[in-house]
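A closer look at the structure
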Amino acid sequence: MKYLIFILLLCVSFTCNNGCLSQGISLNQKNNTDTIETAVLSENWKKADKFFQNYASKTGFNGAVLISQHDTVVYKNAFGYADIKAKTSLSTNSTFQLASVSKQFTAAAIMLLQQRGELKYEDDLTKYLPDFPYQNITIRNLLNHRSGLCNYIYFCEKHWKNENEPMSNTQVLSFFKAIKPAPYLQPNRKYNYSNTGYMILAAVVEKVSGMKFADFMSKEFFIPLGMKSTYIYQFDKKYDTLNTTLGYETKQKRAQINYIDGVVGDKGVYSTVEDLFLWDQSLYSGAVLSEKTVEEAFLPGNKDLKTKNYGFGWRLITNKEGDRIVYHRGWWHGYKSLLLRNIDKHDAIIMLSNVASSSFVNIQSIEDIIKVDNYQELIAAEEEE
């Protein structure tokens, strides 16, 4: 697995005035027919746009960005193309595969079931999946990446015969039952980032709710929160081609969806920067999950981790001012994603890209939004997800 280095330093201030932020004004690409009077934009707004325009021009960033401060959108824009060959421009309503940023939604589903009293974090996994051939793994272990289970992708690819047929979570569990691959570690021994754990959590949601995971998420989260462009990918569904993006390994090479895309929970959520801001806001409002439930997601779950930790679907650090920073990133089939939040100041940075080789690193500064200047290890040397 490769390693990425994301370093967010300090330099640009993003504070709007004259009411432009509350109206949701943004600078869009030059082909957008909307005209925004320069006088409406604050100097800092224009400074932010200049920064990102230069960033996209110099690094080849192909994607969308949204930045909020104190619960207010202070900047949003899109750069490049949804379909490079057809020259279809991206917008802030374009949908991207979130890859591992999807994990926070899977965790939220489990948290909602716990909030309703339909499961407990300390329950053994076999209570819901009695045929699962491993003992003493709890729901909490899965959420905190302490199950010790091996990566399902590596062993399933050796046994899946038809690459044109999507593999499901149920089929992965059948492989575990039949093959019993050796775990990496004993349960709860040590933190070990696990796509397998979140794939299993999605299966638990289906078992407890009696609904397909995609349907459960739409009914309980996406629809109530107004996330109209957010969904969990299903092979047999047709999606809005107007806002759909294609994933690229490089700007010359398309990434291909394959059978592993049928497995969800560890990945599979498609969304927009606009919808992710609604998601960000919902975690403060108690719209679906209560404040008490949400706070549990941000509790460190791994005593063996020192400078950073992991909660329920979120990585956790504290900046030099004592603010709690929660974040996640992802990389899958040409898509790269980052959702980073200062939950004490109600600030957020959301960046989504559909070109894996597009520069998504060394952002030279985003000042006064998320202060992480003393945390060069924030997203440094992490396993590609």
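Residues numbered from 1 in each chain as written. Predicted model: local features only at pLDDT ≥ 70, side-chain atom pairs only at ≥ 80, totals over all residues. Heavy atoms only, no water.

**So, the overall build of the protein chain**
Put simply, the rule reads: Secondary structure elements follow DSSP: runs of H or I of four or more residues count as helices, runs of E of two or more count as strands, with numbering from the N terminus. Each residue is placed in one exposure class: buried if its accessible area under a 1.4 Å probe, protein chains only, is under 20% of its type's maximum, exposed if it is over 50%, and partly exposed if it falls in between. Note on contacts: a residue pair qualifies if any of its non-hydrogen atoms lie within 4.5 Å across the two residues. Reported accessibility uses the Shrake-Rupley method at a 1.4 Å probe radius. Residues are deemed covered only where the shown protein chains occlude them.
For the protein chain, the count of helices and strands is nine helices and 16 strands. Counting over 385 residues, the protein chain shows a buried share of 57%. The long-range share in the protein chain, meaning contacts at least 24 apart out of those at least 6 apart in sequence, stands at 70%. With an accessible surface of roughly 16700 Å², the protein chain has 49% of that area assigned to carbon and sulfur atoms.

**A short note on the nonpolar core**
Put simply, the rule is: Put simply, buried Ala, Val, Leu, Ile, Met, Phe, Trp, Tyr and Cys residues joined by side-chain atoms within 4.5 Å make one nonpolar core.
In this structure, Phe132, Tyr152, Ile200, Phe221 and Trp279 are the most contacted members of the largest nonpolar core, which totals 89 residues. Membership of the second largest hydrophobic core comes to 14 residues, among which are Tyr55, Ala56, Val65 and Tyr75.

**Overview of empty space enclosed by the protein**
The test is simple: Cavities and pockets are defined on a 1 Å grid built over the protein atoms alone: a cavity is a set of grid points where a 1.4 Å probe fits but cannot escape, while a pocket is an open set with protein on both sides within 12 Å along at least five of seven lines, and lining residues are those with an atom within 4 Å of any such point. Grid points are joined across faces, edges and corners, and a volume is the space filled by probe spheres set on the points.
For the coordinates displayed, the defined rule picks out one cavity of 30 Å³ or more. The volume enclosed by the largest cavity comes to roughly 60 Å³. What lines the largest cavity is simply Gln104, Ala107, Ala108, Met111, Trp279, Leu283, Leu289, Val294, Ala297, Phe298, Phe312 and Trp314. Taken together, the elements giving at least two residues each to the lining of the largest cavity come down to helix H2 (103–115), helix H8 (273–285) and helix H9 (291–297). Looking at the lining of the largest cavity, the element that brings in the most residues is H2, giving four residues.

**Side note on the packing of helix H5 (residues 169–179) against helix H6 (residues 195–209)**
Heads up, the condition is: To obtain each axis, a line is fitted to C-alpha atoms, and for helices this fit is confined to the stretch in contact; angles are then taken between N-to-C directions over 0 to 180 degrees. Crossings are sorted by hand: turned counterclockwise from the far helix by less than a right angle, the near helix makes the crossing left-handed, and turned clockwise it makes it right-handed. Following the grouping adopted for this structure description, the nonpolar residues are Ala, Val, Leu, Ile, Met, Phe, Trp, Tyr, Cys and Pro, the charged ones are Asp, Glu, Lys and Arg, and the polar ones are all others, Gly among them.
Orientation of H5 relative to H6, taken along the N-to-C sense of each, is 115°, at an axis distance of 10 Å. Helix-helix and strand crossings are classified by hand; for H5 and H6 the assignment is left-handed. On the side of H5, the interface is formed by Asn169, Val172, Leu173 and Phe176, while H6 contributes Thr196, Met199, Ile200, Ala202 and Ala203. Broken down by class, the residue content of the contact of H5 with H6 amounts to seven nonpolar, two polar and no charged.

**Quick notes on the sheet that holds strand E10 (residues 269–271)**
Let me state the cut-off plainly: Pairing between strands is defined by DSSP: at least two bridges between the two strands are required.
Ordered by their spatial adjacency, three strands build an open sheet running E6-E10-E7, and the pairing between neighbours is antiparallel. The outermost strands of the open sheet, each flanked by one partner alone, are strand E6 (96–97) and strand E7 (231–232). Where E7 lies against E10, two bridges are found, and the strand directions are antiparallel. The partner of Tyr231 across the bridge, within E10, is Tyr270.

**Digging into the pairing of strand E2 (residues 63–69)**
Of all seven residues in E2, seven are buried, a share of seventy percent or more. Because side chains alternate across E2, one face comprises the buried residues Gly63, Val65, Ile67 and Gln69, and the other comprises Ala64, Leu66 and Ser68, equally buried. Two elements, E2 and strand E3 (residues 72–79), share seven bridges in a ladder whose sense is antiparallel. In the strand pairing of E3, Ala64 is matched with Ala78. The turn linking E2 back onto E3 is made up of two residues, and His70 within it adopts a positive phi angle of 55°. Strand direction decides the pairing type here: E2 and strand E15 (residues 347–353), joined by six bridges, are antiparallel. In the strand pairing of E15, Gly63 is matched with Ser353.

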